[in-house]
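Working through the structure, step by step
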Amino acid sequence: MASEDLKSSGTTGAYDATAIESRLAESWQQSKTFHADPASAKPPFSIVIPPPNVTGSLHLGHALNNTLQDILVRYQKMSGAEVLWMPGTDHAGIATQNVVEKQLAQAGQSKHDLGREKFLERVWEWKDTSGGQIISQLKRLGCSCDWERERFTMDQGLSKAVREVFVRLYKEGLIYRGDYMINWCPRCESALADLEVEYPDQATSGMIYRLRYELVESPGNYLMVDTTRPETMLGDTAVAVHPEDERYQKLHGAKLRLPITGRIIPVIADAFVDREFGTGVVKITPGHDPNDFEAGRRHQLPIITVLDQQGKMNDQALHYKGLDRFECRKKILVELESLGALVEKKPHLNKIGRCYRCQTVTEPLVSTQWFMRMRELADQAIQAVREGRTEIIPQAWSSTYYQWLENIRDWCISRQLWWGHQIPVWYCECGQEIVSTETPTACACGSKKLRQDPDVLDTWFSSALWPFSTMGWPDQTATLQRFYPTSVLVTGFDILFFWVARMMMMGIKLTGVVPFHKVYLHAMVRDEHGQKMSKTKGNVIDPLDLIRDYGADALRFTLCIMTLQGRDVNISTKRIEGYRNFINKIWNATRYTAKVVEEVGTKPQSFDPSSFGQWILSRLSTTTAEVNAALSNYQFSEACSALYRFFWDDFCAWYLEASKPLIKLGDINQQQAIANTLNFVVETTLKLLHPVIPFVTTQIWQDRHQTDIVLEKFPQLSDLPQSLDQQKVQTAAVLIELITAIRTARAEKNVPPSSAVTVSLECSAELQQVLSLQSDLIVNLARLTELKFSSVAPAGDYVSKLFAGANKVHLSLQGLIDPEAEKQKLLKQQQSVEKELARVKNKLASTDFRARAPEMVVQKEEEKLREFEAELKIIRQALAGL
């Protein structure tokens, strides 16, 4: 069957990804194929999904993360494991409350108009109707979760677990309530953990102001202090100098008069002061700075707070009461200047913390909050990784993990929200504090007038319990006993601290074992230029658009093949389009092989004995070993690269083409052996490809067998033909090198593939004997008019190439090209390339360019340099040949 027969037989055509993928995604949701059975005798493999926010929609980070998980799940299932992939969503306290509050605002209402109970009813109503959109999007991506077990961080079972943990840790003294300096978001009106405050990569431009405070005992003399937040000076209760700073040693204990307020404050000596910063004198505002707060404790200073929870000036701010903090800054500077207290102002670079949810500038405030002591838990989590009970991949992230846990502070776990797990603490009018997993009806004093703490727990508190709470903990369910600890966690490196470290600490503390044996941290998805995606840059790519335009399989394969450990994924639509062509190639090639099988039949367990037949089986064995090794070691890119090379290059470009003349020339036994080989290679490759591109492989398998491919055994070396003729394998390798040399010579001289040429081979007598037996195949695949053998190079108009070592192929150009015209064309190309090469060399030689340009831009130019040098080498070789 020639290639023309393939086109006319109706076996080619574009793969309709949209129709097929939508239908299969729906069928997978209805089936129980991926439902895990705790009673199964198979070895367990479990993984929990990083729960996306219930407010979220699919972005490329989700697409990457869940594609990698799905690959592992399908691979393990096909490898004989009983697999549980636990799905679910996070209630996302701040984000979800913001969504519903915005809806209310559009109707001219606020949460306070409804009251807490009615507001929460409204949030649940939104969650049931509009929340969880991302789950349907993950299903469209092909995620093979156990959807019957889908969980939500505020469902009944997980809420039970949260209360149980709070009460246990409270009774152990690990959870406590106290006044402390916390991060506060005026927009969300909630406390934030340190991790929830984001700082820009680069400092932002601001101002620093120098103020003068008059010495009470020496009127007309002043101490100069520098500040970036002059509005907080209304809350100053001291100024501090370093105890060893000789400039101010005589002023220890002196009194100063605070401008505007007239309050008398002391000069204190404290070693935390940086003598090199500014004047070496620091204003102390214990109510608005964490360092000042600690200094205030050491020196027993009063705490004056001048801001309220909305970021406005309060009663302590005198006549500035009610002003926004930034508006107050403008006005207080005017007053300070009029009093002569503002000495100077100058530009200053500063890193300002912002709320990770709404990007509002945060405020350090002293507040009564709930905290968790972390030191003991952190030490256990560090030890677990050091001892290898949990392995972090790539290993380089381990040092970052240790560094953060070694410097951990107590965790502020309370949030001033209504949506979330309300803290299970009740206060009685008698002053008693009741901490209970169940809602109490009365206090020990007999009073029934109980008030529950209005705050809720940080969203990450419930997320930290996710690996075991989703499986029924604290009850010892069959699922928990069978599938916990989980096998691996796949997540982005950016939540190593937010989530991974906290799960490690809580898992070890509450279950006695690590929550997962391995943690695979993938990198970030960026645009094709390596830039972080953002709406302001206009470079955000919607994965749902990509799925619609190119198919989920093409997107999955692109993300997977580009996922190198420790490196970001730079994605472009051009890449995805290229891999969509690969999906289409699989579709057409498998339909062609099915047509061959249908026409000539197969001979079971009979494999193509030709050189190419033995070679393709050898390459299949190598690829099978590479894919198994790569997936077992989380080397997703290596697995995809091996599969791509094998199917596109080895199978389609070589064996499929070689099989056509072999079928045409062979008898029925040979034809059936070739058909069986084609079929075996295709179906083995489909199984190897399935975890990465499940849709197209499932559809092809169903068309062939009416069964689901994910229920098939994942190929191992032991499943492949064992006794191959290695001499024939080597012969095929020489043939491929020979034909490639002929094709390269054609391309360099612009000889069209349709033009038949004459070739003379200069090789050893031994190789001539081998190749002469394959001469018909060589003539067919290389499109030759004649193949000759010679011990010396022929005279005349020839271009020569080496192959298989010192052997040479001589391609006759007589009548195919105009040597002079070819020479002029090459000289013109050479001139152009030399010009570009000189430009790039000059740019890279510039120290100014290397110092100022981003590393990625420099690397791009270095890559151009290598490409131009390689291109110039080829042109010069071609000119030498002429």
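What you are looking at is a predicted structure, and each value in this text was computed from that prediction instead of being measured.

**Some words on the overall build of the protein**
When its secondary structure is counted, the protein shows 29 helices and 31 strands. The buried share among the 882 residues of the protein stands at 52%. Within the protein, contacts between residues separated by at least 24 positions form 77% of all contacts whose residues are at least 6 apart in sequence. Entry remark: accessible area of the protein is about 39500 Å², with carbon and sulfur atoms responsible for 48%.

**Considering helix H17 (residues 543-550)**
For H17, the full list of buried residues reads Pro 543, Leu 546, Ile 547 and Tyr 550. With its buried residues spanning 100° around the axis, H17 presents them on a single face. Lining the buried residues of H17 we find helix H2 (17-30), helix H3 (60-78), helix H7 (133-141), helix H18 (552-561) and helix H19 (573-600). For H17, the side-chain oxygen to backbone nitrogen distance between the N-cap and Leu 544 is 2.9 Å, and the N-cap itself is Asp 542. The first or second residue beyond H17 is Gly 551, which carries a positive phi of 100°.

**A closer look at the sheet that holds strand E5 (residues 175-185)**
In spatial order, the strands read E6-E5-E16-E18; together these four strands make up an open sheet with antiparallel pairing. Whereas interior strands pair on both sides, the edge strands pair on one side only; in this sheet they are strand E6 (190-192) and strand E18 (411-412). Both strand E16 (residues 363-372) and E18 contribute to a ladder of two bridges, which runs antiparallel. If you follow Met 372 over to E18, its bridge partner there is Trp 411.

**Quick look at the nonpolar core**
Grouped together as the largest cluster of nonpolar side chains are 195 residues, with contacts concentrated most on Met 372, Tyr 401, Phe 461, Met 506, Leu 555, Phe 612 and Phe 651. With 15 residues, helix H21 (residues 636-665) is the single largest residue contributor to this core. Not counting residues up to four positions away in its chain, the partners in contact with Met 506 are Val 165, Leu 169, Met 372, Leu 377, Phe 461, Ala 464, Leu 465, Phe 468 and Thr 511.

**Quick notes on unusual backbone geometry**
Cis rather than trans, the peptide bond between Ile 393 and Pro 394 has omega equal to -5°. For the bond from Trp 473 to Pro 474, the omega torsion is 15°, close enough to zero to count as cis. Within the secondary structure layout, Pro 474 lies in the loop between helix H14 (466-469) and helix H15 (478-483). Non-glycine residue Ile 260 carries a positive phi angle of around 70°. With respect to the helices and strands, the residue Ile 260 is situated in the loop between strand E11 (255-257) and strand E12 (264-269).

**Quick look at the pattern of salt bridges**
One pass over the structure, following the stated rule, counts 38 salt bridges. Close ionic contact of Lys 713 with Asp 719 constitutes a salt bridge, the shortest N to O distance being 2.9 Å. One salt bridge connects Lys 864 with Glu 861, and the closest N-O pair in it is separated by 3.3 Å. Of this pair, Lys 864 and Glu 861 both sit in helix H29 (residues 855-881), three residues apart, which is roughly one turn of that helix. For Lys 864, a relative accessible area of 29% gives the class partly exposed. For Glu 861, a relative accessible area of 5% puts it in the buried group. Each member of the salt-bridge network shares a partner with another, and the members are Asp 70, Arg 74 and Arg 556.

**Let's talk about helix H23 (residues 694-705)**
The end-to-end C-alpha separation of H23 is 16 Å, in line with the 16 Å expected for twelve residues at 1.5 Å each. Most of H23 is tucked away: nine of the twelve residues are buried. Taken from the residues just after H23, Gln 706 is the one with a positive phi, measuring 60°.

**Concerning empty space enclosed by the protein**
The tally for this structure, following the rule as stated, stands at two cavities of 30 Å³ or more. In this structure, the largest cavity occupies an estimated 40 Å³ of space. Among the residues forming the lining of the largest cavity, the class breakdown is four nonpolar, two polar and three charged. In this structure, the second largest cavity encloses a volume near 30 Å³. The wall of the second largest cavity is formed by Phe 34, Val 73, Lys 77, Val 83, Leu 84, Trp 85 and Ser 144. Listed by contribution, the elements that provide at least two residues to the lining of the second largest cavity are H3 and strand E2 (82-86). With three residues, the top contributor of residues to the lining of the second largest cavity is E2.

**What to know about the pairing of strand E30 (residues 798-803)**
Alignment of E30 against strand E31 (residues 807-812), held across six bridges, turns out to be antiparallel. Residue pairing for E31: Val 799 is matched across the bridge by Leu 811. If you look at the hairpin formed by E30 and E31, you'll find three residues sitting between the two strands, and Ala 804 has a positive phi there, around 45°.

**Details of the side chain of Ser 40**
Assignment of secondary structure puts Ser 40 in the loop between H2 and strand E1 (44-48). Only 3.1 Å separates the side chain of Ser 40 from the side chain of Glu 82, close enough to count as a polar contact. Excluding residues that lie within four positions of it along the chain, Ser 40 makes contacts with Glu 82 and Arg 482.

**Thoughts on the environment of Thr 563**
Turning to its location among the elements, Thr 563 is positioned in the loop between H18 and strand E27 (569-570). Thr 563 gets classed as buried once you look at its relative accessible area, which sits at 3%. In the structure, Thr 563 is positioned 499 residues away from Leu 64 in sequence and 8.6 Å away in space, judged by C-alpha atoms. Apart from residues no more than four positions distant in its own chain, Thr 563 is found in contact with Leu 64, Leu 68, Tyr 520, Val 569 and Ser 637. A polar atom in the side chain of Thr 563 sits 2.4 Å from the backbone oxygen of Leu 559.

**Observations regarding the pairing of E1**
Of all five residues in E1, four are buried, a share of seventy percent or more. Strand direction decides the pairing type here: E1 and E2, joined by five bridges, are parallel. Bridge pairing in E2 places Ile 47 opposite Trp 85. Between the parallel elements E1 and E2, the chain passes through H3 in a crossover that is right-handed.

**So, the packing of aromatic side chains**
Summed over the entire model, instances satisfying the criterion amount to 34 aromatic pairs. For the ring pair Tyr 401 and Tyr 402, a centre distance of 5.9 Å and an interplane angle of 65° mean the geometry is edge-to-face. Judged by its relative accessible area of 1%, Tyr 401 falls in the buried class. Here the aromatic rings of Phe 582 and Tyr 644 are separated by 4.7 Å at their centres, their planes lie at 50°, and the arrangement is tilted. Taken together, the positions of Phe 582 in helix H19 and Tyr 644 in helix H21 put the pair 62 residues apart, joining distant regions of the chain.

**As for the side chain of Ser 46**
By secondary structure assignment, the location of Ser 46 is in strand E1. Dropping the residues within four chain positions of it, Ser 46 is found in contact with Leu 84, Phe 483, Pro 485, Thr 486, Ser 487 and Val 488.

**Examining the sheet that holds E31**
The four strands are arranged E29-E28-E31-E30 in an open sheet whose pairing can be described as mixed. Each of the sheet's edge strands pairs with one partner strand only, and the pair in question is strand E29 (784-790) and E30. Each adjacent strand pair in this sheet contributes to an overall mean axis angle of 20°, direction not counted. The pairing of strand E28 (residues 757-762) with E31 spans four bridges and is classified as antiparallel. Looking at E31, one finds that Ser 760 is bridged to His 810. Across the face of the sheet, helix H24 (residues 726-748) comes into contact with E28, E29, E30 and E31 while running at roughly 145° to E30. Contacts between helix H25 (residues 765-772) and the sheet are confined to E28, E29, E30 and E31, with E29 contributing the most and set at about 150° to the helix.

**A closer look at the confidence of the model for the protein**
Averaged over all residues, the pLDDT of the protein is 90; the fraction at 70 or higher stands at 96%. With pLDDT under 50 throughout, residues 1-11 is counted as low confidence; its partners more than four residues away or in other chains account for 21 contacts.

Definitions and cut-offs
- Residues numbered from 1 in each chain as written.
- Predicted model: local features only at pLDDT ≥ 70, side-chain atom pairs only at ≥ 80, totals over all residues.
- Heavy atoms only, no water.
- Helix = DSSP H or I, 4+ residues; strand = E, 2+ residues; numbered from the N terminus.
- Buried < 20%, exposed > 50% of the residue type's maximum accessible area, 1.4 Å probe, protein only.
- Contact = heavy atoms within 4.5 Å.
- Areas by Shrake-Rupley, 256 points an atom, 1.4 Å probe, with all protein chains shown as cover.
- Arc of directions from axis to C-beta.
- Polar contact = N/O pair within 3.5 Å; in protein donor to acceptor, adjacent residues only side chain to side chain.
- Pairing = 2+ DSSP bridges.
- Core = buried A, V, L, I, M, F, W, Y, C linked by side-chain atoms within 4.5 Å.
- Salt bridge = Lys/Arg side-chain N within 4 Å of Asp/Glu carboxyl O.
- Expected span 1.5 Å × (residues − 1).
- 1 Å grid on protein atoms, 1.4 Å probe; cavity = no way out; pocket = protein on both sides within 12 Å on 5 of 7 lines; lining within 4 Å.
- Points joined across faces, edges and corners; volume = space filled by probe spheres on them.
- Nonpolar A, V, L, I, M, F, W, Y, C, P; charged D, E, K, R; others polar.
- Right-handed = clockwise from strand over helix to strand, strands pointing away.
- Phe/Tyr/Trp six-rings, centres within 6.5 Å; stacked < 30°, edge-to-face > 60°.
- Axes fitted to C-alpha atoms, helices over the stretch in contact; angles between N-to-C directions.
- pLDDT = per-residue confidence, 0-100.

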